[in-house]
Amino acid sequence: MPKFSLSQARSGEGAFLATFSHLPLSEVTTTHADLFKGNHLLIGGEGLEAEVPESAKELGTGLYLVSPEHGAALARRRLADENRATLLALVDGEPDPDVLRRAIPETLRPWDHERLNAQLYAQQGRRYVHRGLFFHDDRERERFLAAGFSKVLEEADLDLPPGDLSLVFDLQPEGTFEAVFRHRGRGDDFKLTRDFPEQGLTREWWIDRYEWKGEERRRPKGRGASLAARLVQGVATTAIFVVSLPVAALVGLSLLTSKLDDVSGTGEKLSDPA
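Here the structure is a predicted model, which is why all the values come from computation and not from measurement.

Rules used in this analysis
- Residues numbered from 1 in each chain as written.
- Predicted model: local features only at pLDDT ≥ 70, side-chain atom pairs only at ≥ 80, totals over all residues.
- Heavy atoms only, no water.
- Helix = DSSP H or I, 4+ residues; strand = E, 2+ residues; numbered from the N terminus.
- Buried < 20%, exposed > 50% of the residue type's maximum accessible area, 1.4 Å probe, protein only.
- Contact = heavy atoms within 4.5 Å.
- Areas by Shrake-Rupley, 256 points an atom, 1.4 Å probe, with all protein chains shown as cover.
- Core = buried A, V, L, I, M, F, W, Y, C linked by side-chain atoms within 4.5 Å.
- Salt bridge = Lys/Arg side-chain N within 4 Å of Asp/Glu carboxyl O.
- Phe/Tyr/Trp six-rings, centres within 6.5 Å; stacked < 30°, edge-to-face > 60°.

*Asks:* Give me the overall build of the chain: which residues, what numbers.
*Replies:* Along the backbone of the chain there are eight helices and twelve strands. Counting all 274 residues of the chain, 40% fall into the buried class. In the chain, 58% of the contacts between residues at least 6 apart in sequence involve partners at least 24 apart. Surface summary for the chain: the accessible area is close to 16,100 Å², and the carbon and sulfur share equals 53%.

Shown next as structure tokens:
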């Protein structure tokens, strides 16, 4: 059964970076071409000097401001490389020097995109714990998710119906989120499933007459755990029990010894002549 995964991670500044399967980050230059046409590209990264256009303005070490005419092409090339460090933001013009200094104290450290008032922020590269995209407007994030999931539905001979995909995928705007969805079938037989092993439930979605339909089924908790997970849990429980046996025996022996001492003391008092 094919998988569709998505995740959100809280960035250093408290906002969210989101990644989705079935759609590489570089595709944002296509899905959000309007944002790239209307904003300047602020970009920094490893080995960037040889790639920026001649018209780019250098604002700091390895940090450049690129006009809307060249921004999308450069962003697409850089985001296609998952290994090299790349940070970029779409801004409405050259940032104020004081704002820039506060938002980007070092080019290759994560940026404060909220101070920059960035419409889009991307963070890519092995050196970063959090990688993905941040959208200032949640509706823009919805567009990127819809573009990725539409590919899944196309393979199933379906079109994306209207409705809030954030509800279908349980996207939480105020919490760290990670999930894997499984999908199977084509047309009317298409199903999208997500398991919640700890909560003991499964949610299933399908499309009926161009509308989302959903169902939640409950089951005994832990049933969805893998065999390996259950084995580890069983071994851990047994180990705890075995380790606790000597302690229990020692406590029992101590109580028995104390009881015998009490009985011995009582006998001596009864045999003592008045």
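Once the structure has been displayed, the description carries forward.
*Asks:* Hey, could you go over the nonpolar core for me, with residue numbers and the actual values?
*Replies:* Judged by nonpolar contacts, the single largest core of 45 residues is most densely connected at Leu6, Phe149 and Phe169. Broken down by element, this core gets its largest block of residues, six residues, from helix α6 (residues 138-155). Not counting residues up to four positions away in its chain, the partners in contact with Phe169 are Phe4, Leu6, Leu145, Phe149, Phe177, Phe181 and Leu192. Listed in part, the 18 residues of the second largest apolar core include Ala15, Leu42, Ala103 and Phe134.

*Asks:* Just give me the short version of the pattern of salt bridges, but keep the residues and values in it.
*Replies:* If the charged atoms of two oppositely charged side chains come close together, the side chains can form a pair. Tallying each qualifying case throughout the model produces 22 salt bridges. For Glu106, the salt bridge goes to Arg109, with nearest N and O atoms at 3.8 Å. Several salt bridges converge on common partners, so that one network encompasses Asp170, Arg194, Arg203, Glu216 and Arg218.

*Asks:* Break down the packing of aromatic side chains for me, citing the residues and quoting the values.
*Replies:* Tallied over the full model, the rule gives ten aromatic pairs. Where Trp111 meets Tyr121, the ring centres are 6.1 Å apart and the plane angle is 40 degrees; that geometry is what we call tilted. Of this pair, Trp111 sits in the loop between α4 (97-103) and α5 (113-116) while Tyr121 is found in strand β7 (residues 120-124), placing the two residues ten residues apart along the sequence. Considered together, Trp111 and Tyr121 belong to a single accessibility category, that of buried residues.

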